[in-house]
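One-letter residues, chain by chain:
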Amino acid sequence: QVQLVESGGGFVQAGDSLRLSCAASGRTFSSYAMGWFRQAPGKEREFVSGIIGSGGRTDYADSVKGRFTISRDNAKNTVYLQMNSLKPEDTALYYCATPLSRYSDYSRSPSAYYYWGQGTQVTVSS
């Protein structure tokens, strides 16, 4: 059984930083891409960032490029999202997700992911 558990969310001021973590269990972590998504109230879930299993390739939504950094530690079965220069519009519930298939690429589409965490809330005050 694959489990994803996010942590690290919180309430911060605009310009502050947070680091989200997603701990995975239940299968060989390094073989699977990981993605971060977010969903604000009344809005659709949107892609934030993705990373392949080896960590050698990443992708970012334009809205976070240059401010957020995704990384992974395969020895710890954990993927991270370092968020700097946070803005009020970054306020959302942040989810990590992973696809069903080994060695598949990350995707910007939520439908490409099979397993999801429960989410961690990020609130940025102006």
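Overview of the structure. (Residues numbered from 1 in each chain as written. Predicted model: local features only at pLDDT ≥ 70, side-chain atom pairs only at ≥ 80, totals over all residues. Heavy atoms only, no water.)

**Some details on the overall build of the protein**
Scanning the protein from terminus to terminus reveals zero helices and 11 strands. When its helices and strands are written in sequence order, the protein yields β-β-β-β-β-β-β-β-β-β-β. Its C-alpha atoms give the protein a radius of gyration of 13 Å, within 12% of the compact-globule value 14 Å for 126 residues. Along the three orthogonal principal directions, the C-alpha set of the protein runs to about 40 × 30 × 25 Å. Taking all 126 residues of the protein together, 44% fall into the buried category. (Helix = DSSP H or I, 4+ residues; strand = E, 2+ residues; numbered from the N terminus. Rg over C-alpha atoms; globule rule 2.2 N^0.38 Å. Buried < 20%, exposed > 50% of the residue type's maximum accessible area, 1.4 Å probe, protein only.)

**Focus on the pairing of strand β11 (residues 120–125)**
For a regular strand, side-chain orientation follows a simple rule: the groups alternate between the two sheet faces. Here β11 shows one buried face, formed by Thr120, Val122 and Val124, and one open face, formed by Gln121, Thr123 and Ser125. Where strand β2 (residues 10–13) meets β11, four bridges bridge the pair, whose relative direction is parallel. Note on β11: the bridge partner recorded for Gln13 is Ser125. The pairing of strand β9 (residues 92–98) with β11 spans three bridges and is classified as antiparallel. Residue pairing for β11: Ala92 is matched across the bridge by Val122. (Pairing = 2+ DSSP bridges.)

**Some thoughts on the nonpolar core**
Membership of the largest hydrophobic core comes to 33 residues, with the highest contact counts inside it found for Trp36, Phe68, Val79, Leu81, Met83 and Tyr94. Those elements that provide at least two residues to this core are β3 (18–25), β4 (34–39), β5 (46–51), β7 (68–73), β8 (78–83), β9 and β11. (Core = buried A, V, L, I, M, F, W, Y, C linked by side-chain atoms within 4.5 Å.)

**Overview of the pattern of salt bridges**
Under the counting rule described, the total for this entry stands at six salt bridges. Between Arg67 and Asp90 there is a salt bridge, with the nearest N and O atoms lying 2.7 Å from each other. Of the two residues, Arg67 is situated in the loop between β6 (58–60) and β7 and Asp90 in the loop between β8 and β9; the sequence distance between them amounts to 23 residues. For the residue pair Arg67 and Asp90, the accessibility class agrees, reading buried in each case. Here the residues in one salt-bridge network are Arg38, Glu46, Arg67 and Asp90, joined through shared partners. (Salt bridge = Lys/Arg side-chain N within 4 Å of Asp/Glu carboxyl O.)

**Some remarks on the sheet that holds β3**
Picture the strands of a sheet paired through backbone hydrogen bonds; they go either parallel or antiparallel. Reading across the sheet, the four strands line up as β1-β3-β8-β7 and stay open at both edges, with antiparallel pairing between neighbours. At either end of the open sheet lies a strand with only one pairing partner, and these are β1 (3–7) and β7. Taken over all neighbouring pairs, the strand axes of this sheet differ in orientation by 15° on average, direction set aside. Of the pairings in the sheet, the one linking β7 to β8 comprises six bridges and is antiparallel in character. Bridging from a neighbouring strand, Arg72 pairs with Val79 of β8. (Axes fitted to C-alpha atoms, helices over the stretch in contact; angles between N-to-C directions.)

**Brief notes about the side chain of Ser21**
With respect to the helices and strands, Ser21 occurs in strand β3. A relative accessible area of 15% means that Ser21 is categorised as buried. Look past the residues within four positions of Ser21 in its chain and what remains in contact with it is Val5, Glu6, Ser7, Trp36, Thr78, Val79 and Tyr80. (Contact = heavy atoms within 4.5 Å.)

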